[in-house]
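Residue-level listing of the chains:
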Amino acid sequence: MVKFTPTLCSPVKDLTMSALTATQMIQRISDSFNEHDYTEALGMATEGVSHYPDEQPMMAYLRICALVRLERIEEALKSLATAIDSGIWYSEFILRESPSLKPLHGNPKFERLILISEQKRSEESLQPPSDLMHFPVNKPGPFPALVVLHGNNGSVRREREYWEATVSKGWMLGMVASRQGGMMKGNYDWNDDEMTARRIQDFSSGLLKGGQVAANRLVLGGFSMGGRRAIEHTLKGSVGARGFIVVMPYLTTLEDLEGLISRAPAGLCGYIVTGDQDESHANSLELAGMMQAGGLSCQVKALPGQGHWYPPDFRTCLEGGLEFLGRSARK
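Residues numbered from 1 in each chain as written. Predicted model: local features only at pLDDT ≥ 70, side-chain atom pairs only at ≥ 80, totals over all residues. Heavy atoms only, no water.

Our next topic: the nonpolar core. If you look at soluble globular proteins, the nonpolar side chains tend to sit buried side by side. By size, the foremost hydrophobic cluster in this structure holds 38 residues, and its most contacted members are Ile-29, Tyr-61 and Tyr-90. Elements with a contribution of two residues or more to this core: helix 1 (22-34), helix 2 (38-51), helix 3 (56-69), helix 4 (73-85), helix 5 (92-97), helix 6 (108-124) and strand 4 (180-184). Per-element tally for this core: the top contributor is helix 3, with ten residues. Those residues in contact with Ile-29 that sit more than four places away from it in its chain are Ala-41, Met-44, Ala-45, Met-59 and Leu-62. (Core = buried A, V, L, I, M, F, W, Y, C linked by side-chain atoms within 4.5 Å. Buried < 20%, exposed > 50% of the residue type's maximum accessible area, 1.4 Å probe, protein only. Helix = DSSP H or I, 4+ residues; strand = E, 2+ residues; numbered from the N terminus. Contact = heavy atoms within 4.5 Å.)

Any two packed helices are characterised by how steeply their axes cross, that is the angle between the axes, and by the distance between the axes. Direction vectors running N to C along helix 11 (residues 255-263) and helix 12 (residues 281-293) enclose 25°, while the axes themselves pass 9 Å from each other. On the basis of the axis angle, helix 11 is roughly parallel to helix 12. In the packing of helix 11 onto helix 12, the handedness of the crossing is right-handed. Residues Leu-257, Glu-258 and Ile-261 of helix 11 form the contact with helix 12, whose participating residues are Leu-287, Met-290 and Met-291. (Axes fitted to C-alpha atoms, helices over the stretch in contact; angles between N-to-C directions. Parallel < 35°, antiparallel > 145°, perpendicular 65-115°, else oblique. Left-handed = near helix turned anticlockwise from the far one by under 90°.)

On to the packing of aromatic side chains. One pass over the full model with this rule turns up 13 aromatic pairs. Judged by centre distance (5.9 Å) and plane angle (85°), the ring pair of Tyr-162 and Trp-309 falls under edge-to-face. With Tyr-162 in helix 7 (residues 156-163) and Trp-309 in the loop between strand 9 (297-303) and helix 13 (314-329), the pair connects residues that are 147 residues apart, well separated along the chain. Here the two residues Tyr-162 and Trp-309 agree in accessibility, since each one is buried. Seen in terms of ring centroids, Tyr-271 and Phe-324 are 6.2 Å apart; in terms of plane orientation they differ by 40°. Their pairing is tilted. One end of the pair, Tyr-271, is in strand 8 (residues 269-275); the other, Phe-324, is in helix 13, with 53 residues separating them in the sequence. The burial state of Tyr-271 is the same as that of Phe-324; both residues are buried. Ring pairs connect the aromatic residues Tyr-162, Trp-163, Phe-223, Trp-309, Tyr-310 and Phe-314, which therefore count as one cluster. Taking the ring centre of Tyr-188 as reference, the NZ or CZ of Arg-179 above it sits at 4.8 Å. (Phe/Tyr/Trp six-rings, centres within 6.5 Å; stacked < 30°, edge-to-face > 60°. Lys NZ or Arg CZ within 6 Å of the ring centre and 35° of its normal.)

What follows is the structure, given as structure tokens:
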């Protein structure tokens, strides 16, 4: 099975499905795959298809993988066909590169379903993205605004709950939806630099034209690759953002960011939430040091035991970041 699902930091084995979020259930099923308990994985994924309607593509994918692992090939192909007929698509990459699906390679039914799935994926790319704009109620504007980019293989739908506390703190929350790449329907990425730049610029300029957002109080945010893009475009000054707040930013290299820091507009600030189990933890700390050495303010919230996903107390982290950025953005 392709490893791109988030890593949670707390055990969920003892919880019932009704008590689990979709993300926790996905992790639980992934754990069953890792333990080679494909019967348990199949049962949970089958129930998950109906229990988590917003995560049907992922649950159906995990169910198909479990069926193949159990050598129930015809059932797996029928399940894949049913999913595609319902409007779900999977990229050719995940269908060909998933270890669980290797036994399907060369099967005429499977090869035909790949072509149909790719066609559905292409058709969807022409549809407008599902962005989110949420303004504080019963408060006068213009508001400070946080514009957030979801992570790779993520979506606004999946991640909005983590950022919604922004509005209760008097900020406008905007979440930008990608239509790039993605492993399956509802899961997209920010790998194309030019397309990402256009999306951020179009979304931000649309906010500013409405007059409800303060032009000098725009901040970018994001998770993982979305966090990296938020950092890059803040430092570039491409949308006039005064700062960024990111969680577990994807920072495998800092070479290009070092150059951006040296040319960044004065007064920019950043707030980074990282964990010592995240692969970019060391680079997150180094980036903060680079910004500070370059005369830019940057605070780091480092969490022990935290891997590459939103921490359980992210709301506290977010509120601390908003407070820091709010003070800095007024200067």
